[in-house]
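Okay, here's what each chain looks like letter by letter:
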Amino acid sequence: MTIEQQVDTPRKRSRRDEILQIAVGLFATRGYHGVSMDDIGKEAGVTGPALYHHFAGKDAMLVAALKPVSEGLLSGGRERAEAHRGEPTAALEALVDFHVEFALAHPAVIALHLHELDRLPEEPRREIRRLQRRYVEEWVTVLTAVRSELTDGEARVLAHAVFGLMNSTPFLGGEVDRGRRAVLLRAAALSALSA
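Residues numbered from 1 in each chain as written. Predicted model: local features only at pLDDT ≥ 70, side-chain atom pairs only at ≥ 80, totals over all residues. Heavy atoms only, no water.

Caption draft 1: Here's a closer look at the nonpolar core. Membership of the largest hydrophobic core comes to 56 residues, with the highest contact counts inside it found for F27, I40, M61, V96, W139, M166 and L193. Put simply, the parts of the chain that give this core at least two residues each are α2 (15-30), α3 (37-44), α4 (58-83), α5 (88-105), α6 (107-116), α7 (122-146), α8 (152-168) and α9 (178-194). In contact with M166, other than residues within four places in its own chain, are V96, H99, V100, A103, W139, L185 and A189. (Core = buried A, V, L, I, M, F, W, Y, C linked by side-chain atoms within 4.5 Å. Buried < 20%, exposed > 50% of the residue type's maximum accessible area, 1.4 Å probe, protein only. Helix = DSSP H or I, 4+ residues; strand = E, 2+ residues; numbered from the N terminus. Contact = heavy atoms within 4.5 Å.)

Caption draft 2: How the structure looks around the confidence of the model for the protein chain. For the protein chain, the mean per-residue pLDDT works out to 89, and 93% of the residues sit at or above 70. Within the model, pLDDT remains below 50 along residues 1-9, and this stretch shows 23 contacts once partners closer than five positions in the same chain are excluded. (pLDDT = per-residue confidence, 0-100.)

Caption draft 3: A look at α9. With 17 residues, α9 ought to run about 24 Å at 1.5 Å a step, and its terminal C-alpha atoms sit 24 Å apart, in line with that. Close packing links the buried residues of α9 with α5, α7 and α8. A distance of 3.0 Å separates the backbone nitrogen of G179 from a side-chain oxygen at the start of α9, and that oxygen is part of D177. (Expected span 1.5 Å × (residues − 1). Polar contact = N/O pair within 3.5 Å; in protein donor to acceptor, adjacent residues only side chain to side chain.)

Caption draft 4: Up close: the environment of E138. Take E138: it is sitting in helix α7. Once the C-alpha coordinates of E138 and L95 are considered, the two residues, 43 residues apart in sequence, prove to be 9.0 Å apart. Those residues in contact with E138, other than ones at most four positions away along the chain, are L74, G77, R78, A81 and L95.

Caption draft 5: Focus on the packing of aromatic side chains. Tallied over the full model, the rule gives four aromatic pairs. Centre to centre, the rings of Y135 and W139 are 6.2 Å apart; their planes meet at 80 degrees, and the pair counts as edge-to-face. Taken together, the positions of Y135 and W139, both in helix α7 and four residues apart, correspond to about one turn of that helix. Judged on exposure class, the residue Y135 and its partner W139 are both buried. Considering the side-chain rings of Y135 and F163, the 5.5 Å spacing of their centres and the 10 degrees angle between planes classify their relative orientation as stacked. Here Y135 is found in helix α7, whereas its partner F163 is found in helix α8, with 28 residues between them in sequence. Residues Y135 and F163 agree in their burial class; the two are buried. (Phe/Tyr/Trp six-rings, centres within 6.5 Å; stacked < 30°, edge-to-face > 60°.)

Caption draft 6: Structural context of the packing of α2 against α3. Running from N to C, α2 and α3 point in directions that differ by 125 degrees, and their axes come no closer than 9 Å. As judged from the angle between their axes, α2 and α3 are oblique. Seen along the crossing, α2 lies across α3 with a hand that is right-handed. Between α2, through R15, I19, I22, A23, L26, F27 and R30, and α3, the contact on the second element is made entirely by D39, I40, E43 and A44. Here the contact of α2 with α3 is built from residues that sort into seven nonpolar, no polar and four charged. (Axes fitted to C-alpha atoms, helices over the stretch in contact; angles between N-to-C directions. Parallel < 35°, antiparallel > 145°, perpendicular 65-115°, else oblique. Left-handed = near helix turned anticlockwise from the far one by under 90°. Nonpolar A, V, L, I, M, F, W, Y, C, P; charged D, E, K, R; others polar.)

Written as structure tokens, this is what we have:
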């Protein structure tokens, strides 16, 4: 399931999706190496070996969790930029809104990306990194259209800085409700990009 499906079009989750969500939560809280197939099975209400009907192993679960995220971010970023072709400021605002919504909706997946991506086998890790670079380039194109004084390299620095801002704060949820966090994140990101 892509991030677009998770955010934009809720659907009935399959047993595989449920197991993956359990695995993502465990990986995010205990770390990839701190979780066994038996741990995941126990949380899912099945034996560890029964999980192999859905996934080839923990690596496959990690790939299944991380690759669709990068694919969804890239396709969502492209859609928002395209929807505002010729209106770079509106495109930038749409990109920020999209990423803020993603960050608030998927903190466990963000934690996995931040801490576990390098644990993937080489080929899926390369593919995910390639997708991430392409997502960044969507931002670079929009940023350099909004701020013509920026070089591509400078726009990349700003994009990565804003990703750090948007991706780190969803973990701080307790005392500020989600709607207010979204408003604060959006304002902070746009301010950082326009300075």
